[in-house]
Amino acid sequence: MKNEKITIDCFGRLSIKVGDREMGSLMKSQKARELIAFLMTYEGRSVKKTIVCDALWSDHDPKHSADSLYKLVDKIRNMPIPFHLECRRNIIQLHLDNVHSDLTDFTHCIRDKENIKALESAIPLYQGTLFEEEGYEWILDKEGKFDMLYLGALQYLVDHYSKKGSKHKLFYYETLMERF
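Structure report, in brief. (Residues numbered from 1 in each chain as written. Predicted model: local features only at pLDDT ≥ 70, side-chain atom pairs only at ≥ 80, totals over all residues. Heavy atoms only, no water.)

## Considering the layout of surface pockets
Using a probe with the size of a water molecule, rolled over the atoms, empty space left in the structure can be pinpointed.
And then number 1: Of the voids in this model, the largest pocket is the one considered here, and its volume is about 220 Å³.
And then number 2: At the level of secondary structure, the elements contributing two or more residues to the lining of the largest pocket comprise helix H2 (49–56) and helix H3 (62–77).
And then number 3: In terms of residue count, the dominant contributor to the lining of the largest pocket is H3 (five residues).
And then number 4: When its residues are assigned to classes, the lining of the largest pocket shows six nonpolar, five polar and five charged. (1 Å grid on protein atoms, 1.4 Å probe; cavity = no way out; pocket = protein on both sides within 12 Å on 5 of 7 lines; lining within 4 Å. Points joined across faces, edges and corners; volume = space filled by probe spheres on them. Helix = DSSP H or I, 4+ residues; strand = E, 2+ residues; numbered from the N terminus. Nonpolar A, V, L, I, M, F, W, Y, C, P; charged D, E, K, R; others polar.)

Shown next as structure tokens:
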């Protein structure tokens, strides 16, 4: 299981799989799921521990939050899910070398705004809001960012196909209007 690929779906309901096995039942800790979700929004970049603590334990004092984070990292490391979770001095990082995710695919496709095929590939990846039904307090900023990327891609496709006089414009225009 150590070298197996992890698949994390972030749009819609959070889903974590190793190979073809759903691992949600192994992540009984809601905070463990929340930490993985939070780190996924950073797409493999390192995050200051204070930012993580403020987001996940906003109602606790910093010392208690830091202790909770260390315990949670240990709990995740002891799960039979091969997360590559690095915790050093002031930062924490979820390495994505063995992770495939709809979120990283989406942002990769959106990156080149003039690549029409990539933008078209991004649209179906955006399946609802981030971590739907999870109730994370910190999610609003992140949702706004991805909503804006999605809406920007749709608008670009509408404009592109409008200039070409293509009927694809109607599909993307209707998809764009559904969001309002």
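The rest of the description comes next.
## Notes on the pairing of strand E2 (residues 15–18)
If a strand is regular, its side chains alternate between the two faces of the sheet.
And then number 1: In this sheet, E2 lies alongside strand E1 (residues 6–9) in antiparallel orientation, the contact comprising four bridges. The partner of Thr7 across the bridge, within E2, is Lys17.
And then number 2: Linkage of E1 to E2, two consecutive antiparallel strands, is achieved through a turn of five residues, within which Gly12 is found at a positive phi near 85°.
And then number 3: When E2 meets strand E3 (residues 21–22), the two strands line up antiparallel, connected through two bridges. Paired with Lys17 across the bridge in E3 is Glu22.
And then number 4: Taking the residues between adjacent antiparallel strands as the criterion, E2 and E3 are bridged by two residues, where Gly19 takes a positive phi near 60°. (Pairing = 2+ DSSP bridges.)

## Examining helix H5 (residues 116–125)
And then number 1: Residues Ile116, Ala118, Leu119, Glu120, Ala122 and Ile123 constitute the buried set of H5.
And then number 2: Where H5 begins, the side chain of Asn115 points an oxygen toward the backbone nitrogen of Lys117, at a separation of 3.3 Å. (Buried < 20%, exposed > 50% of the residue type's maximum accessible area, 1.4 Å probe, protein only. Polar contact = N/O pair within 3.5 Å; in protein donor to acceptor, adjacent residues only side chain to side chain.)

## Let's talk about H2
And then number 1: For H2, the set of buried residues is Lys49, Val52, Cys53, Ala55 and Leu56. The arc enclosing the buried residues of H2, seen along the axis, measures out at 165°, which places them on a common side. With respect to the buried face of H2, the exposed residues turned more than 90 degrees away are Thr50 and Asp54.
And then number 2: Looking at the buried side of H2, the elements it contacts are helix H1 (30–40), strand E4 (47–48), H3, strand E5 (84–88) and strand E6 (91–95). (Arc of directions from axis to C-beta. Contact = heavy atoms within 4.5 Å.)

Everything listed here is a matter of coordinates, which is why it stays silent on function.
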